[in-house]
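Take a look at the letters that make up each chain.
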Amino acid sequence: MEKIITMMGPMLDGVYVTLQMFFITLVLSLPLGLLLSLARISKYKPISFLVETYIWLMRGTPLMLQLLFVYYALPLVPYIGIKLPDFSAAILAFVLNYAAYFAEIFRGGIQSIERGQYEAGKVLGMTYVQTMRRIILPQVLKRVVPPISNETITLVKDTSLIYVLAMNDLLRTARTIVQREFDMTPFVIAAVFYLAMTLVLTWVFNKLEERYAAYDE
């Protein structure tokens, strides 16, 4: 028991890094994903094409590769040459990646709304922006809760990929202790932490689904 208590100090530090990555990525990628989805369905073809290409690129390449590119290759790009600290590089890669996935989720939600809803907005004298804000998006948010829930839970587990940048997240900390102590207990503790985080997220999103379902009754 004393050995486990000794391990908990660095393990909790790793949890803190993991939670930082999770919350910052979520807070930044959700609104960016919404903006990208609106650009994706824009009538302006060049904008729509650029966003579609961006989404294809982000979804078609591994997140780990994107992490390595932002941290190691971005400084070598001509006329850019930006060298980011490991944490900033990880945040940038995660936000760009998850914004692409959220964009497709929001796009699907927006396109699932009947055209009659837009016509109703016009009849009421609303502009396109007002129609989206007051009529369309509230319905979209209700419909996209389940897929966003899945992506959010995936994000918790994907934070472990930052070990490639030698960041001391939960999993890397556990691995370091295992290699030093020759004891598998840290992996069990890490699993418990990950399960606890996903359990909390599952509960939160279930409550959100129940709340929106109550409005349909």
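Quantities reported herein were computed from a predicted structural model and do not represent experimental measurements. Here the residue numbers are simple positions, counted from 1 along each chain's written sequence. Totals for whole chains, interfaces and linings use all residues, but because this is a predicted model, local features are given only for residues with pLDDT of at least 70 and pairs of side-chain atoms are given and counted only at 80 or more. Side-chain measures were taken over the full set of non-hydrogen atoms in the model, leaving aside hydrogen atoms and water.

Bringing the overall build of the protein chain into the picture now. Segments assigned H or I by DSSP are reported as helices when at least four residues long, segments assigned E as strands when at least two residues long, and all are numbered from the N terminus. A tally of regular secondary structure across the protein chain gives 8 helices and 0 strands. Counting from the amino terminus, helix and strand elements in the protein chain follow one another as α-α-α-α-α-α-α-α. Along the three orthogonal principal directions, the C-alpha set of the protein chain runs to about 70 × 55 × 20 Å. Here's how the labels work: a residue is buried when its accessible area is under 20% of the maximum for its type, exposed when over 50%, partly exposed in between, all with a 1.4 Å probe on protein chains only. Scored against the burial criterion, the 217 residues of the protein chain give a buried share of 41%. Considering only intrachain contacts with a sequence separation of at least 6, the fraction spanning at least 24 residues in the protein chain is 73%. All accessible areas in this document rest on Shrake-Rupley with a 1.4 Å probe, and a residue is counted as covered only by the protein chains that are shown. A total of about 12700 Å² of accessible surface is found on the protein chain, and carbon and sulfur atoms cover 67% of it. Whether two residues touch is decided by their heavy atoms; if any such pair falls within 4.5 Å, the residues are in contact.

As recorded in UniProt, the feature "transmembrane region" (unreviewed entry) lies at residues 20-42, 63-81, 87-106 and 184-205. End C-alpha atoms of residues 184-205 are separated by 32 Å, and the span's content is 95% helix alongside 0% strand. UniProt positions are given in the numbering used here, feature names are shortened, and annotations may be inferred rather than shown by experiment.

At a closest axis distance of 8 Å, the pairing of helix H4 (residues 86-111) and helix H6 (residues 128-158) adopts a crossing angle of 140°. Regarding the angle of H4 to H6, the classification is oblique. As H4 packs across H6, the resulting crossing turns out to be right-handed. Residue-level contacts link Phe 94, Tyr 98, Tyr 101, Phe 102, Ile 105, Phe 106, Gly 109 and Ile 110 of H4 to Met 132, Val 140, Leu 141, Val 144, Pro 147, Ile 148, Glu 151, Thr 152, Thr 154, Leu 155 and Asp 158 of H6. Note on definitions: angles span 0 to 180 degrees between N-to-C directions of axes, and those axes are lines fitted to C-alpha atoms, for helices only across the stretch in contact. Each angle is binned into one of four classes, with values under 35 degrees roughly parallel, values over 145 roughly antiparallel, values of 65 to 115 roughly perpendicular, and all other values oblique. Throughout, a crossing is termed right-handed when the near helix is turned clockwise from the far one, and left-handed when it is turned anticlockwise from it by less than a right angle.

Now for the side chain of Thr 173. If you trace the backbone, Thr 173 turns up in helix H7 (residues 170-181). Residue class for Thr 173 comes out buried when judged on its relative accessible area of 9%.

The subject of this paragraph is helix H2 (residues 45-60). Between its terminal C-alpha atoms H2 stretches 22 Å, which fits the 22 Å expected from 16 residues at 1.5 Å a residue. Residues of H2 that are buried include every one of Ser 48, Val 51, Ile 55 and Met 58, and no others. Angular distribution of buried residues about the axis of H2 spans 100°; they occupy a single face of the element. For H2, the exposed residues set more than 90 degrees away from the buried face come down to Lys 45, Pro 46, Phe 49, Leu 50, Trp 56 and Gly 60. Multiplying 1.5 Å by the helix residue count minus one yields the expected span of that helix. To be clear, the arc concerns the directions from the helix axis to the C-beta atoms.

In this section: a nonpolar patch on the surface. A cluster of nonpolar side chains, Ile 24, Val 27 and Leu 28, forms an exposed patch at the surface whose accessible area comes to about 250 Å². Relative to the helices and strands, Val 27 resides in helix H1 (residues 2-40). Exposure remark for Val 27: the relative accessible area of 59% places this residue in the exposed category. A patch consists of residues whose relative accessible area exceeds 30% and which take part in no salt bridge; residues with like charges are grouped when within 9 Å of each other, and nonpolar side chains (Val, Leu, Ile, Met, Phe, Trp, Tyr) when within 5 Å. What makes a salt bridge here is a side-chain nitrogen of Lys or Arg within 4 Å of a carboxyl oxygen of Asp or Glu, nothing more.

The next subject is the environment of Ile 177. Mapped onto the secondary structure, Ile 177 falls in helix H7. Setting aside its immediate chain neighbours within four residues, Ile 177 contacts Met 7, Pro 10, Met 11, Phe 182 and Pro 186.

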